[in-house]
Amino acid sequence: MKIVALTGGIGSGKSIATQMLSSLGVPIVDLDVIAHTLTAAGGALVPQIATELGGEFITEEGALNRPLMRALIFTQPDARVKLNAIMHPAIFDEAVKQLAALETSTYVVLAIPLLQESQRYLPYIDHVLVIDCDESLQLARVMERSGLSAQEAQQIIDAQSSRQSRIAMADTIITNNAGLAEFEENIYQFHKNYINTCIVSK
Ligand code: ATP
């Protein structure tokens with residue numbers, strides 16, 4: 001089994017790319033999905049977060065209160081360190097478990113939003129697929145989807161690793177500057193070529 005890391009900046013089109021690859025039959029292990037599951041109502045990390053960061057960050061339903069926690073870690077770097085120390089090892093363990101269960105697949109997509117900040121995954125990765133789009137489009141898409149102001153959206157983009165450093169890690173770059181039909185075609189071409197490479201190198 002080969003592992004393709006799928007990454008890209010906020011609003012670049014990662015989720016759409018992941019959905020397209022999934023509908024082509026590629027198994028997906030998505031760190032965002034794992035993070036959400038671990039912190040949803042009844043999630044495995046909720047008790048530890050309550051103990052270490054405070055019960056006020058847990059909703060009545062027993063889930064992590066994301067907006068409240070986001071506000072906290074935005075203003076308190078210590079809280080961010082604490083939360084990361086709880087979240088990152090657990091996400092990693094779960095991702096490795098899910099990958100192990102997919103061992104008989106030809107290739108698996110490991111969706112990692114922030115690859116540069118996720119060094120522990122690098123030894124597992126065979127191929128880095130970066131979804132890239134122009135920053136002006138990224139900004140427009142983030143604003144449209146989330147209702148953030150241009151300044152807020154720009155702040156998030158600026159807090160992420162640079163486009164150049166993402167591109168420097170890429171084995172394949174798929175640009176998402178045009179319409180969805182073209183993007184889908186490029187994803188399909190990648191899938192077809194990559195699966196052939198896997199079969200040839202077996
Ligand atoms: P995030 O990092 O926030 O999870 P993402 O990289 O997963 O973002 P998507 O959610 O796939 O990005 O796309 C961001 C937004 O831009 C979505 O609302 C999506 O519908 C829109 N979008 C993405 N690609 C295109 C495109 N080629 N044409 C039009 N809209 C697009």
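Relevant structure appears above.
Quick caveat, the model's predicted, so the values are computed rather than measured. (Residues numbered from 1 in each chain as written. Predicted model: local features only at pLDDT ≥ 70, side-chain atom pairs only at ≥ 80, totals over all residues. Heavy atoms only, no water.)

Student: Kindly report on the site of the ligand, identifying the contributing residues and their values.
Tutor: Taken together, 14 residues form the shell around the ligand, and within it Lys-14, Ser-15, Arg-145, Asn-176 and Ala-178 come nearest. In the environment of the ligand, an oxygen atom lies 2.6 Å from a nitrogen or oxygen atom belonging to the side chain of Lys-14. Arg-145 places a polar side-chain atom, nitrogen or oxygen, 2.8 Å from an oxygen atom of the ligand. Coverage of the ligand by the protein amounts to 74% of the 630 Å² it exposes when considered alone. Mapped by element, the contributors of at least two residues to the shell around the ligand are α1 (14-23) and α6 (135-146). Broken down by element, the shell around the ligand gets its largest block of residues, three residues, from α1. Per-class residue counts for the shell around the ligand are four nonpolar, seven polar and three charged. (Near = heavy atom within 4 Å. Polar contact = N/O pair within 3.5 Å; in protein donor to acceptor, adjacent residues only side chain to side chain. Areas by Shrake-Rupley, 256 points an atom, 1.4 Å probe, with all protein chains shown as cover. Helix = DSSP H or I, 4+ residues; strand = E, 2+ residues; numbered from the N terminus. Nonpolar A, V, L, I, M, F, W, Y, C, P; charged D, E, K, R; others polar.)

Student: Mind laying out the pattern of salt bridges, listing which residues take part and the relevant values?
Tutor: Within the structure shown, the criterion is met by three salt bridges. Between Glu-94 and Lys-97 there is a salt bridge, and its shortest N-O distance comes to 3.5 Å. Here Glu-94 pairs with Lys-97, and both are found in helix α5 (residues 77-101), just three residues apart, close to one helical turn. Judged by relative accessible area, Glu-94 falls into the partly exposed class, the value being 23%. (Salt bridge = Lys/Arg side-chain N within 4 Å of Asp/Glu carboxyl O. Buried < 20%, exposed > 50% of the residue type's maximum accessible area, 1.4 Å probe, protein only.)

Student: Go over helix α9 (residues 180-201), please, and point to the residues and values.
Tutor: Taking 1.5 Å as the rise per residue, α9 with 22 residues should run 32 Å; its terminal C-alpha atoms sit 31 Å apart, in good agreement. Of the residues making up α9, those classed as buried are Phe-183, Ile-187, Phe-190, His-191, Tyr-194 and Cys-198. For α9, the angular spread of buried residues about the axis comes to 100°, placing them on one side. Summarising the geometry of α9, the exposed residues directed more than 90 degrees from the buried face are Ala-181, Ile-199 and Val-200. Contacts from the buried residues of α9 go to β1 (2-8), α1, β3 (107-111), β4 (127-132) and β5 (172-175). (Expected span 1.5 Å × (residues − 1). Arc of directions from axis to C-beta. Contact = heavy atoms within 4.5 Å.)

Interpretation in functional terms is not warranted from these geometric data alone.
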